[in-house]
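Reading the structure
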Amino acid sequence: MSSATVVCNRRELGKMENGSLNFDDQSETHNNSNSNSNSNKMSNGGKPKKNYRLVSYDELPNYMKDNEFILRYYRAEWPLKRALFSLFQCHNETLNIWTHLLGFALFLALTVVNAVHVSEAVDLFGIFRTFPGTNTSHDSSKLFMFQDLTELVSMKNRSHPHGGADQAHHIGAIRWPFYVYLGGSMFCLLSSSMCHLFCCHSHDLNLFLLRLDYTGITVMIITSFFPAMYYIFQCQPVWQIVYLAVISLFGAFTIATLLSPTLSSGKFRPLRTILFASMGLFGLVPAIHAAILNWSNPRRNLVIAYETSMALSYLIGAGFYVSRVPERWKPGWFDLVGHSHQIFHIFVVLGALAHYGAALVFMEYRDRVGC
Ligand SMILES: [Zn+2]
């Protein structure tokens, strides 16, 4: 988050009285009315003016009451334009928005860098140069999924031999599974940011954005499988298709569930939790299979390190999300900075970056080694 763009300091919040902070529509005088209304009308030369203030948990409409340990600095029922500009104001969602918005910008930058030149992105991490080039043959009869699509994303430095001849160091791996993951991550991070930015507008939009947020999480989980399953099982096309098909169907079912008005209600929260957890746990099956197949691969330890970091990041993040630590220990102390959802967001970005590192290793390996 940029401290230059978002001012979040005690001096500004010192203006807050009785659990509310005024943000006028323009720079006019604050309305010091004791009204509980979130958008108070003011009269200024006969012109009605709205005054939006941050409110306390108790003043929230029921649909916005989610975390009783965050006591103040809520926006409630703000118009869209006002909510948009609150991106640069200090409230209890500011860091939730920026953590994933900057994560989105980071993944967008990585996508652009990779699209311009893959090898430069690899150099950014500086650890792949140490891998020995392997001179192997490439089986042109190998089944590539969606071969036509791969042609659309073929890279400048990609060569795709069709004669089975031995190739030097650049066989050139298919790129689209890697971009599917980058796209899925960007969708998740951006939809999360938008959810946190605009969820204060209305009940209907709040419900829609929550579903979009859940959908984004599902899309990121599904797309995480693509580079891993595609490159690891490139030489076992049947398993490649089976794993990708199963996770895609699983994801489609989860999204259908999340978008269903009945099943997206609070009553079915356990079902949603089970679906998310099952998608993650499903990954253990191909992971064990891949470990058995590639145990002697020199990249094994690096991949295990990346993927363990990813799993730990997501698990620790989920732990904060569920437990609502630390705000439950000191309600009101972490309203602006340091509450569990912000920590959860940071671990999501770290987990996604760890998986990005692993995806680069898989792709780099397939750049050099065919089947
Ligand atoms: Zn969030």
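What counts, and where the lines are drawn
Residues numbered from 1 in each chain as written. Predicted model: local features only at pLDDT ≥ 70, side-chain atom pairs only at ≥ 80, totals over all residues. UniProt positions renumbered as here; feature names shortened; annotations may be inferred. Helix = DSSP H or I, 4+ residues; strand = E, 2+ residues; numbered from the N terminus. Buried ≥ 20, exposed ≤ 12 C-beta atoms within 10 Å, placed from the backbone. Contact = placed C-beta atoms within 7 Å. Expected span 1.5 Å × (residues − 1). Core = buried A, V, L, I, M, F, W, Y, C linked by C-beta atoms within 7 Å. Axes fitted to C-alpha atoms, helices over the stretch in contact; angles between N-to-C directions. Parallel < 35°, antiparallel > 145°, perpendicular 65-115°, else oblique. Left-handed = near helix turned anticlockwise from the far one by under 90°. Nonpolar A, V, L, I, M, F, W, Y, C, P; charged D, E, K, R; others polar. pLDDT = per-residue confidence, 0-100.

As recorded in an unreviewed UniProt entry, the protein chain goes by the name Heptahelical transmembrane protein 1-like, listed as coming from Carnegiea gigantea. The record held by UniProt for the protein chain lists under Subcellular location (unreviewed entry) the comment "Membrane".

**Considerations on the overall build of the protein chain**
From N to C terminus, the protein chain includes twelve helices and three strands. Of all 371 residues assigned to the protein chain, the portion counted as buried reaches 36%. Within the protein chain, contacts between residues at least 6 apart in sequence are counted, and of these 68% link residues at least 24 apart.

**Concerning the UniProt feature "binding site: Zn(2+)" (unreviewed entry) in the protein chain**
Under the UniProt annotation, "binding site: Zn(2+)" (unreviewed entry) lies at His196, His341 and His345. In sequence the annotated residues extend across 150 residues, while in space they remain close, none of their C-alpha pairs exceeding 11.4 Å. On the secondary structure map, His196 appears in helix H6 (residues 176-198). Aside from chain neighbours lying at most four places away, what touches His196 is Glu93, Asn96 and Ile97. Its location among the elements puts His345 in helix H12 (residues 340-368). Of the residues examined, His345 has 25 C-beta atoms within 10 Å and is grouped as buried. Apart from residues lying up to four places away in sequence, His345 is in contact with Asn96, Thr99 and His100.

**What to know about the UniProt feature "transmembrane region" (unreviewed entry) in the protein chain**
Within the UniProt annotation, "transmembrane region" (unreviewed entry) is assigned to residues 95-116, 178-200, 212-233, 239-259, 271-292, 304-322 and 343-363. Helix makes up 95% of residues 271-292 and strand 0%. Its end C-alpha atoms lie 32 Å apart.

**Points about H12**
Here H12 is 29 residues long and its end C-alpha atoms lie 42 Å apart, about the 42 Å a rise of 1.5 Å per residue gives. Along H12, 25 of the 29 residues are buried, which leaves the element largely enclosed by surrounding structure.

**Some thoughts on the nonpolar core**
Ranked by internal contacts, the top residues of the largest apolar core, which has 51 residues, are Phe225, Ala228, Met229, Tyr231, Ala358, Ala359 and Phe362. Those elements giving two or more residues to this core turn out to be helix H3 (94-116), H6, helix H7 (203-232), helix H8 (237-259), helix H9 (269-282), helix H11 (300-323) and H12. In terms of residues, this core owes the most to one element, H12, which gives 15 residues. Non-local contacts of Ala228, meaning those with residues more than four positions away in its chain, are made with Ala358, Ala359 and Phe362. Residues Leu95, Leu197, Phe198 and Cys199 belong to the second largest nonpolar core, which totals eleven residues.

**Section: unusual backbone geometry**
At the junction of Val325 and Pro326, the peptide bond is cis and its omega measures out at 15° in the coordinates. Take Pro326: it is sitting in the loop between H11 and H12. Here the phi dihedral of Arg324 falls at roughly 55°; this positive angle occurs in a residue that is not glycine. Turning to its location among the elements, Arg324 is positioned in the loop between H11 and H12. Judged by local crowding, Arg324 falls into the buried class, with 20 C-beta atoms found within 10 Å.

**Some remarks on the packing of H3 against H6**
In contact at an axis separation of 8 Å, H3 and H6 are set at 155° when each is read in the N-to-C sense. Taken together, the axis directions place H3 and H6 in an arrangement best described as roughly antiparallel. Here H3 and H6 pass one another in a crossing that is left-handed. Where H3 approaches H6, its residues Asn96, Ile97, His100, Leu101, Gly103, Phe104, Phe107, Leu108, Leu110 and Thr111 are matched on the opposing element by Leu182, Ser185, Met186, Leu189, Leu190, Ser192, Ser193, His196 and Leu197. In terms of residue class, the contact of H3 with H6 is made up of eleven nonpolar, eight polar and no charged.

**Side note on the confidence of the model for the protein chain**
Summary statistics for the protein chain give a mean pLDDT of 78 and a share of 71% for residues scoring 70 or more. When mean pLDDT is taken per element in the protein chain, H6 scores highest with 97 and helix H5 (residues 147-152) scores lowest with 34. Ignoring residues within four places in sequence, the model shows residues 23-46, a span with pLDDT below 50, making 37 contacts including any to other chains. Counting interchain partners and residues more than four positions distant, the pLDDT-below-50 stretch residues 121-169 has 59 contacts.

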